Amino acid sequence: MGSMLITRSKETFSNLGTTTVFGLLLLVASFIRFPFFFRDYIDRDESTFILMGQSWADGNLPYTQLWDLKPPLTFLFFAGIIYAFGKSFFAIRFFGTIAVAITAFFTYKITGTTASKKTAFWAAIGAVALQSLFGSIQGVMSEHLCMAFFVPGLYILIVGKRAWSFLGAGILMGIAIMIKLNIAYAVLPVSLYYCYVLFKKGPIRKSILLIGAYGSGILLVVLGTLLPYLWNDIGAVWWNSVVLAALEYAGSDRDTLLKLAPTFLILIFFFGFAWKKGLLDFNHKTVQLLSLAIFGVLFSFAKVGRINSHYLIQLHPLLVILVAVCWQKGVSLKNKKWKKLLLVLLLCLPAESYLEYYRIAHHKITKGTFYNGEGIAVPTYIRQHFPKEKNILFLGYHIGYWPLDVLPPTKAATHPSNICRSMIFPYFENPRKTGLEELNHIMNEIRPQIIVTRTGRLKFDKSLILENEYIDDYIEKHYAPIKEVEKATIYKRLEGL
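As a starting point, this report considers the structure included with it. Predicted model, so just to flag it, every value in this text is computed and none were measured.

### Looking at the pattern of salt bridges
Okay, step 1: Considering all chains together, one arrives at seven salt bridges under this definition.
Okay, step 2: The residue Arg39 makes a salt bridge to Glu356 at a minimum N-O spacing of 3.0 Å. Taken together, the residues span a long stretch of sequence, with Arg39 in the loop between helix 3 (18-33) and helix 4 (44-57) and Glu356 in helix 17 (residues 351-367) at a distance of 317 residues.
Okay, step 3: Of the charged contacts, one joins Lys459 and Asp472 as a salt bridge, the two residues approaching to 2.8 Å between their closest N and O atoms. Note that Lys459 is positioned in the loop between strand 2 (450-454) and helix 21 (465-478) and Asp472 in helix 21, a separation of 13 residues in sequence.

### Considerations on the sheet that holds strand 4 (residues 488-493)
Neighbouring strands of a sheet are bound in pairs by backbone hydrogen bonds; such pairs are parallel or else antiparallel.
Okay, step 1: If you trace the four strands from one edge of the open sheet to the other, you get 1-2-4-3, paired in mixed fashion. For this open sheet the edge positions go to strand 1 (392-394) and strand 3 (479-485), each flanked by a neighbour on one side alone. Across the sheet, the mean angle separating the axes of adjacent strands is 20° when strand polarity is ignored.
Okay, step 2: Note: strand 2 against strand 4, five bridges, orientation antiparallel. Note that in strand 4 the partner of Arg454 across the bridge is Ala488.
Okay, step 3: Relative to strand 3, helix 18 (residues 374-385) is tilted by about 125°, and along the sheet it contacts strand 1, strand 2, strand 3 and strand 4.

Calculation rules
- Residues numbered from 1 in each chain as written.
- Predicted model: local features only at pLDDT ≥ 70, side-chain atom pairs only at ≥ 80, totals over all residues.
- Heavy atoms only, no water.
- Salt bridge = Lys/Arg side-chain N within 4 Å of Asp/Glu carboxyl O.
- Helix = DSSP H or I, 4+ residues; strand = E, 2+ residues; numbered from the N terminus.
- Pairing = 2+ DSSP bridges.
- Axes fitted to C-alpha atoms, helices over the stretch in contact; angles between N-to-C directions.
- Contact = heavy atoms within 4.5 Å.

Have a look at this one:
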């Protein structure tokens, strides 16, 4: 298949309809991501989003029953799927794959405004791969959902000329912001660019109309997420959780500059090289907008002070467009060596997927099911041996709350690492002030009868020395290990303690 696509003529690519392109991208995304549909969890954040979505599907607004540091539309995606399909890992991962395909499709559309359709198609394939491989990004992350709205919004801004298109772009940008707040750092320079361009070209009345429609779209979404809280007279919950907590968290858990530097240096080199060699036309609107968005995303990384693999999902679809344009100008695929190299790269790229296909096939043969992982095996063991137990604390594999139909013991425990993030406690009115106080409350007052940990792993970040010492000592004195299930250890509270 890869060889056939590489050798197609330019005419064949130019004749591909938009439906066909989207179908091909969805097919590629599904092939790469399908074997991961059956894992219990891929990233801990995704597990938290599922728990938050379940709470919303049960009728509780985000931040009221459980709590996590993301805007509400992240949780709405999961809540909607859970409401429609029940507790289905498959459904969540499938709709996440559709989100990846949407981002890739509009990557194709944006690339097509400044390069050939053939180049645009391969840029879109690159966007699929970079959103689906390397690290823990095979699950459904907030960045996947954010870019599924931001990239289409950017495309509408590039090609749109009427008020309704600017309104639509604003709505898409607003949704992106209410999924992942840091994307506002990319939305802002893009918006200022359009204000400048429109007012420079005139007429003034039309410029005001277009900018007004665009801004109204953003405000409509942001205020729309606030309205349910105002309706229930808890507007402060939205403000504290969506705005103030995010501002407090930004920069509170910073990496060293050495860890941030490589990404910034690579991009500075890329832009410098492209400018010097004339590979990018920096007077072209598409290139200008993409550059502004990229630097906005980079600024958000610097503001937060760290770069995780899933953060880069916000960067890759934008950057791959510019790389594809440079490739088109700098490399000719008429050379058979390049064709062979690209074919080998395409075949080797989904190595993680190949391994996961083998893994789920082996699991099906040995265990009788494709679904795998501690988040499934541990709840199965607990249901079999402690069917009535609801007082459980997952310090690892916390997706286990979901199949067991139990809640985390406190709001802070919705994501295990939040137990020790005392800087965010005031924003969900936690009466405890420190992580140690929260742990003491959970262990001595709530008194979980079962605790699940990751075998041989620290319970919290290695920098939290006192918290790790406290929980290790407490578990040693008050609990007994009763079972190791794959890479999880299950503890039972000793009688009378």
